[in-house]
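Spelled out from the first residue to the last, the chains are:
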Amino acid sequence: FAQGVGVVSAISSDGINFTEEDGFRLPEAGSGQPRILQLSDGRWRLYTTQTDSIVSFISDDGISFVQEPGPRITAAEAGLSSLSSPAFIEIESGKYRMYYSTLAMPGQGPGGKQIGSATSTDLLTWTVEPGFRLGEGADVLTDSAEHPFPVKGPDGSTYLFYGKFTGPGTGEEGLYRAVSQDGVLFTEEAYTGLRMANDPDILTKPDGEQLIYYGSFSPEVGGMILAATCTEW
């Protein structure tokens, strides 16, 4: 997502060096924090945040998108004041879990973010799971957590990466990960070492290399997408 433009795309043959494609995939209005999935029939579904809901768009070529009817999930259904950052994992054949979080609004201080989840069998209709996975109301890890991204471990466990910003003097802020055996109850929080990082997205390349993409900010540059290698979850 590029401010003042909308959702744009870039391509790469190595996962590091990207070339931006012409035009934009979606206009700026109502298209924040996109995440895309390729469906089994070859089409592409793009999910975006609209503050009080998560919506989706469909495309045959990954370039031109048409919005699908209705929201995928609303903030009211999720028990949150706002919604952001949908991310997905297939938990068994034909069944998916979406993780999402409270949206950080301009002018708000750090802290107070929660991560919830919902399940679906068609990636369109989602059922919210009770409680929260991280943040206030979670069973174990109750510190603020936002912008989740799940990864399935080799043992079937779920590793959830997320931004943790609880305010100055409360500990190292940046990208963390937690572990769950069932994708619902998360424990074993660990700091990744990526300071002030947020908005994670993880790619496993064909050669097995694992890359974590994440957002950061510099007064000289503005918003940036950076990458780090990950040798173990």
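For the structure, check the block above.
Counting restarts for each chain, with residues numbered from 1 along the sequence as it is written. Under the rules for a predicted model, residues below a pLDDT of 70 receive no local features and side-chain atom pairs below 80 are neither given nor counted, while totals for whole chains, interfaces and linings still include all residues. Based on all heavy atoms of the structure, the side-chain values leave hydrogens and waters out of the count.

Novice: Run through the pattern of salt bridges, naming residues and quoting values.
Specialist: Salt bridges, as used here, are contacts in which a Lys or Arg side-chain nitrogen is within 4 Å of a carboxyl oxygen on Asp or Glu. Enumeration over the complete set of coordinates arrives at eight salt bridges. Salt-bridge contacts for Arg-35 lead to Asp-201; the nearest nitrogen and oxygen are separated by 3.2 Å. Placement of the pair is Arg-35 in strand β5 (residues 32-38) and Asp-201 in strand β18 (residues 198-204), with a sequence separation of 166 residues. Judged by relative accessible area, Arg-35 falls into the buried class, the value being 12%. A salt bridge links Glu-68 to Arg-45, with the shortest nitrogen-to-oxygen separation between them at 2.8 Å. In DSSP terms, a helix is any run of H or I states spanning at least four residues, a strand is any run of E spanning at least two, and both are numbered starting from the N terminus. The buried label applies to any residue whose accessible area, calculated with a 1.4 Å probe on protein chains only, is under 20% of its type's maximum; exposed applies above 50%, and partly exposed to all values in between.

Novice: Lay out the nonpolar core in plain terms, naming residues and giving numbers.
Specialist: The biggest cluster of nonpolar side chains holds 16 residues, and the ones touching the most others in it are Ile-54, Ile-73, Leu-83, Met-98, Tyr-100 and Trp-126. Listing elements by their share of this core, those giving two or more residues are β7 (53-59), α1 (75-78) and β11 (95-101). What we call a nonpolar core is a set of buried Ala, Val, Leu, Ile, Met, Phe, Trp, Tyr and Cys residues that are connected through their side-chain atoms within 4.5 Å. Formed by 15 residues, the second largest nonpolar core is a distinct cluster that contains Ala-87, Tyr-159, Phe-161 and Val-179.

Novice: Which residues make up the packing of aromatic side chains, and what values do they have?
Specialist: Two rings from Phe, Tyr or Trp (for Trp, the six-membered ring) form a pair when their centres sit within 6.5 Å of each other. Planes less than 30 degrees apart are called stacked, planes more than 60 degrees apart edge-to-face, and all others tilted. With the rule as written, the count across this model stands at seven aromatic pairs. A centroid spacing of 6.2 Å and a plane angle of 80° characterise the contact between Phe-18 and Tyr-213, whose relative ring orientation is edge-to-face. Of this pair, Phe-18 sits in the loop between β2 (10-11) and β3 (19-20) while Tyr-213 sits in strand β19 (residues 210-218), and the two are 195 residues apart along the sequence. Ring centres of Tyr-159 and Trp-233 lie 6.4 Å apart, and the angle between their planes is 40°; on these two criteria the pair is classed as tilted. Highlighted residues: Tyr-159 in strand β15 (residues 158-164) and Trp-233 in the segment after β20 (222-229), separated in sequence by 74 residues.

Novice: Break down the pairing of strand β14 (residues 146-152) for me, with residues and values.
Specialist: Strand residues, when the strand is regular, have side chains that alternate between the two faces of the sheet. The buried fraction of β14 amounts to six of the seven residues, a majority that puts the element mostly inside the structure. Should DSSP find at least two bridges between two strands, the strands are taken to pair. The pairing of β14 with β15 spans five bridges and is antiparallel. Within the sheet, the bridge partner assigned to Val-151 lies in β15 and is Tyr-159.

Novice: If you had to explain the sheet that holds strand β10 (residues 84-92) to someone new, which residues and values would you point to?
Specialist: Sheet architecture is open: four strands sit in the order β10-β11-β12-β13, paired in antiparallel fashion. Only two strands of the sheet have a single partner each, and these edge strands are β10 and β13 (127-128). For β11 and strand β12 (residues 115-120), the ladder comprises six bridges, and the chain directions are antiparallel. When the bridges of β12 are listed, Ser-101 appears paired with Ile-115.

Novice: Which residues make up the sheet that holds β20, and what values go with them?
Specialist: Read across the sheet, three strands follow the order β18-β19-β20 without closing on themselves; strand pairing throughout is antiparallel. Each end of this open sheet is capped by a strand with a single partner; those strands are β18 and β20. Geometrically, the sheet is characterised by an average inter-axis angle of 25° between neighbouring strands, direction not taken into account. Where β18 and β19 come together, five bridges link them in antiparallel fashion. Pairing of Thr-204 across the sheet is with Gln-210, part of β19. Angles run from 0 to 180 degrees between N-to-C directions of axes, and those axes are lines fitted to C-alpha atoms, restricted for helices to the stretch in contact.

Novice: Quick rundown of the pairing of β20? Include the residues and the values.
Specialist: In the sheet, β19 pairs with β20 via eight bridges, with the strands oriented antiparallel. Note on β20: the bridge partner recorded for Leu-211 is Thr-229. The antiparallel pairing of β19 with β20 creates a hairpin that spans three residues between the two strands.

Novice: Tell me about the environment of Ala-197, residues and numbers included.
Specialist: Along the chain, Ala-197 turns up in the loop between β17 (187-195) and β18. For Ala-197, a relative accessible area of 0% puts it in the buried group. Sequence separation of Ala-197 and Gly-163 is 34 residues, and the distance between their C-alpha atoms is 6.7 Å.

On their own, these measurements won't tell you what the molecule is for.
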